[in-house]
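Letter by letter, the chains look like this.
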Amino acid sequence: MSLSSSKATEIAHVLGEALPYIQRFRGKTIVVKYGGNAMVDETLKSGFARDIVLMRLVGINPVVVHGGGPQIGRLLEKLGKESHFVEGMRVTDSETMDVVEMVLGGLVNKEIVNLMTRHGGRAVGLTGKDGDLIRARKLKITRNSPELDAPEIIDIGHVGEVASVDAGVVDMLVNGGFIPVIAPIGVGEDGHSYNINADLVAGRIAEVLGAEKLILLTNTTGLLDKQGNLLTGLSAAEVDGLIEDGTIHGGMLPKIQCALSAVKSGVRASHIIDGRVEHAVLVELFTDEGVGTLIKS
C-alpha cells in the first residue's frame with residue numbers, strides 16, 4: 001500500500017527537520033540516563049533501544065547509564081526482604097547489595113543490551129566496577145537531631161557517591177563502534193561495592209567525557225513553572241533563580257542540580273525529558289520543539 005501524498009509530505013518534513021541536527025551532533029558524545037516508565041513499558045523499551053541504535057548508525061556516540069529501582073524492589077519483595085528508605089535512598093546492607101548487583105549488573109543491563117542487539121546495534125554492558133570505571137565513596141547522610149542537639153549521621157549501608165571516573169574504558173568502546181550500557185555500581189577504596197544514583201553517574205560521566213549533551217529520562221513532562229507550564233531553553237543562571245524562588249523543589253531538585261552541574265562543568269546542554277513519550281530521545285534531539293526541558297550554559 002502506497003503512502004498518501006499528505007503522509008509522504010509529513011515524513012519528508014520530519015526527515016528534513018532532523019538533518020541539520022544529525023549534522024550538528026555527528027561525532028559528538030551524548031550521555032543518556034535511562035529510567036522510569038521507559039524501562040518497564042514493553043513498547044517504550046523497544047523504542048528506546050531502537051532510537052539509541054539509530055543514533056549510533058547516523059554517527060552520534062550514545063552512552064547509556066541506567067537505573068533499576070523498581071526491579072530491585074520487586075526482587076527483594078519476592079525474597080521476603082523489606083525495603084527501607086532514608087531521604088529517598090534505599091538502605092542497602094550486604095545482602096541487599098548482592099541483589100542490587102544481580103539486578104543492575106545482570107538482569108536489567110543485559111536486557112538493554114539484548115534489545116539493542118535485536119535492533120542491529122553493537123552494545124556492551126558493564127558496571128562501574130569494570131575497568132575501574134567508577135570509584136565510589138560511602139555516602140554519608142546527616143540530619144538535625146533535636147534530641148542530640150547536633151547533626152545525626154545515618155548509615156544507609158552500601159550507598160555511594162562518585163569519587164572519580166576513569167573514562168578510558170568508555171572511550172575504548174565508543175572508538176570501537178560500540179554502545180556502552182553502564183550500571184551505576186562503583187567500588188570504594190575499601191573494596192566494597194556501592195550503589196550510586198544513576199542520575200549522578202550519568203552527569204559525572206558526561207562531564208568527564210566532555211559530552212555534547214546529557215539527557216535524563218523522567219516520568220514527568222519536564223520542569224514546570226508555578227502555573228504548571230513547561231519551561232525550556234533555560235540558562236544556568238535562570239535555573240539558579242528558579243531554585244532560589246522555590247519553583248524547583250522536592251523530587252525534581254536533585255535531578256535539576258545534576259543537569260545544572262553538568263552544564264556548569266562543560267557539557268553543552270542538559271535535557272530533562274518525558275520518557276513516557278514514544279521515541280522521546282529522538283524527538284528531543286532531532287526536532288525544533290522537543291519534548292522536555294533544555295538547560296544550556
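Residues numbered from 1 in each chain as written. Predicted model: local features only at pLDDT ≥ 70, side-chain atom pairs only at ≥ 80, totals over all residues. Heavy atoms only, no water.

- The protein chain is annotated in an unreviewed UniProt entry as Acetylglutamate kinase of Thiogranum longum.
- Listed under Sequence similarities (unreviewed entry) in UniProt, the entry text for the protein chain is "Belongs to the acetylglutamate kinase family. ArgB subfamily."
- Under Catalytic activity (unreviewed entry), UniProt gives the following word-for-word description of the protein chain: "N-acetyl-L-glutamate + ATP = N-acetyl-L-glutamyl 5-phosphate + ADP". (UniProt positions renumbered as here; feature names shortened; annotations may be inferred.)

### Focus on the packing of helix 3 (residues 69-78) against helix 4 (residues 94-118)
Packed helices, taken two at a time, are described by their axes: the angle between them and the distance between them.
Inference 1: Contact pair helix 3 / helix 4: the axes reach a minimum separation of 10 Å and the direction vectors enclose 125°. One way to sum up the angle between helix 3 and helix 4 is to call them oblique. In the packing of helix 3 onto helix 4, the handedness of the crossing is right-handed. Residue-level contacts link Gln71, Ile72, Leu75 and Leu76 of helix 3 to Thr96, Val99, Val100, Met102, Val103, Leu104 and Val108 of helix 4.
Inference 2: Each residue belonging to the contact of helix 3 with helix 4 can be placed in one class, and the counts come to 9 nonpolar, 2 polar and no charged. (Axes fitted to C-alpha atoms, helices over the stretch in contact; angles between N-to-C directions. Helix = DSSP H or I, 4+ residues; strand = E, 2+ residues; numbered from the N terminus. Parallel < 35°, antiparallel > 145°, perpendicular 65-115°, else oblique. Left-handed = near helix turned anticlockwise from the far one by under 90°. Contact = heavy atoms within 4.5 Å. Nonpolar A, V, L, I, M, F, W, Y, C, P; charged D, E, K, R; others polar.)

### Re the packing of aromatic side chains
Inference 1: Here the structure, examined in full by the defined rule, presents 2 aromatic pairs.
Inference 2: Ring centres of Tyr34 and Phe48 lie 3.9 Å apart, and the angle between their planes is 0°; on these two criteria the pair is classed as stacked. Remark: Phe48 occurs in helix 2 (residues 42-57) and Tyr34 occurs in strand 1 (residues 29-34); sequence separation between them is 14 residues.
Inference 3: The buried category is assigned to Phe48, whose relative accessible area is 5%.
Inference 4: Cation over ring: Arg122 sits above Phe178, and NZ or CZ is 4.1 Å from the ring centre. (Phe/Tyr/Trp six-rings, centres within 6.5 Å; stacked < 30°, edge-to-face > 60°. Buried < 20%, exposed > 50% of the residue type's maximum accessible area, 1.4 Å probe, protein only. Lys NZ or Arg CZ within 6 Å of the ring centre and 35° of its normal.)

### Description of the environment of Phe85
Inference 1: Note that Phe85 resides in strand 3 (residues 85-86).
Inference 2: Judged by relative accessible area, which is 48%, Phe85 ranks as partly exposed.
Inference 3: Taking the C-alpha atoms as reference, Phe85 lies 8.5 Å from Ile156; in sequence the two are 71 residues apart.
Inference 4: Contact partners of Phe85, with chain neighbours within four places excluded, come to Arg90 and Val91.

### Examining the sheet that holds strand 12 (residues 193-196)
Inference 1: Strand order around the closed barrel formed by 4 strands is 6-9-12-11, with mixed pairing between neighbours. Geometrically, the sheet is characterised by an average inter-axis angle of 60° between neighbouring strands, direction not taken into account.
Inference 2: Where strand 11 (residues 185-188) and strand 12 come together, 3 bridges link them in antiparallel fashion. Paired with Gly186 across the bridge in strand 12 is Tyr194. (Pairing = 2+ DSSP bridges.)

### Here's the deal with the pairing of strand 6 (residues 134-138)
Within a regular beta strand, the side chains point alternately toward one face of the sheet and then the other, so they alternate between its two faces.
Inference 1: Here 5 bridges tie strand 6 to strand 9 (residues 159-165), and the two strands are oriented antiparallel to one another. Opposite Ala136, over in strand 9, you have Val162 as the bridge partner.
Inference 2: When strand 6 meets strand 11, the two strands line up parallel, connected through 2 bridges. Note that in strand 11 the partner of Ala136 across the bridge is Gly188.

### Thoughts on helix 5 (residues 168-175)
Inference 1: For helix 5, the full list of buried residues reads Val169, Val170, Leu173 and Val174. What you see down the axis of helix 5 is that its buried residues fit within an arc of 130°, all on one side. The exposed residues of helix 5 that point more than 90 degrees off its buried face are Met172 and Asn175.
Inference 2: As for helix 5, its buried residues are in contact with helix 2, strand 2 (61-66), strand 5 (123-127), strand 10 (179-183) and helix 6 (198-209).
Inference 3: One or two positions beyond helix 5, positive phi appears at Gly177, with a value near 90°. (Arc of directions from axis to C-beta.)

### Points about the pairing of strand 2
Inference 1: For strand 2, the tally of buried residues reaches 6 of 6 residues, placing the bulk of the element in the interior.
Inference 2: The alternating pattern of strand 2 places Asn61, Val63 and Val65 and Pro62, Val64 and His66 on opposite faces, both of which are buried.
Inference 3: Between the parallel elements strand 1 and strand 2, the chain passes through helix 2 in a crossover that is right-handed.
Inference 4: The pairing of strand 2 with strand 10 spans 2 bridges and is parallel. Directly across from Val64, in strand 10, lies its bridge partner Val181. (Right-handed = clockwise from strand over helix to strand, strands pointing away.)

### A word on the sheet that holds strand 13 (residues 213-218)
Inference 1: Ordered in space as 5-10-2-1-13-15-16-14, the 8 strands form an open sheet in which the pairing is mixed. A strand with exactly one partner marks an edge of an open sheet, and here the two such strands are strand 5 and strand 14 (234-235).
Inference 2: By the bridge criterion, 6 bridges tie strand 13 to strand 15 (residues 269-274) in an arrangement that is parallel. Residue pairing in the sheet places Lys213 in a bridge with Ala269 of strand 15.
Inference 3: Along the sheet, helix 5 contacts strand 2, strand 5 and strand 10; its crossing angle with strand 10, the most-contacted strand, is approximately 150°.

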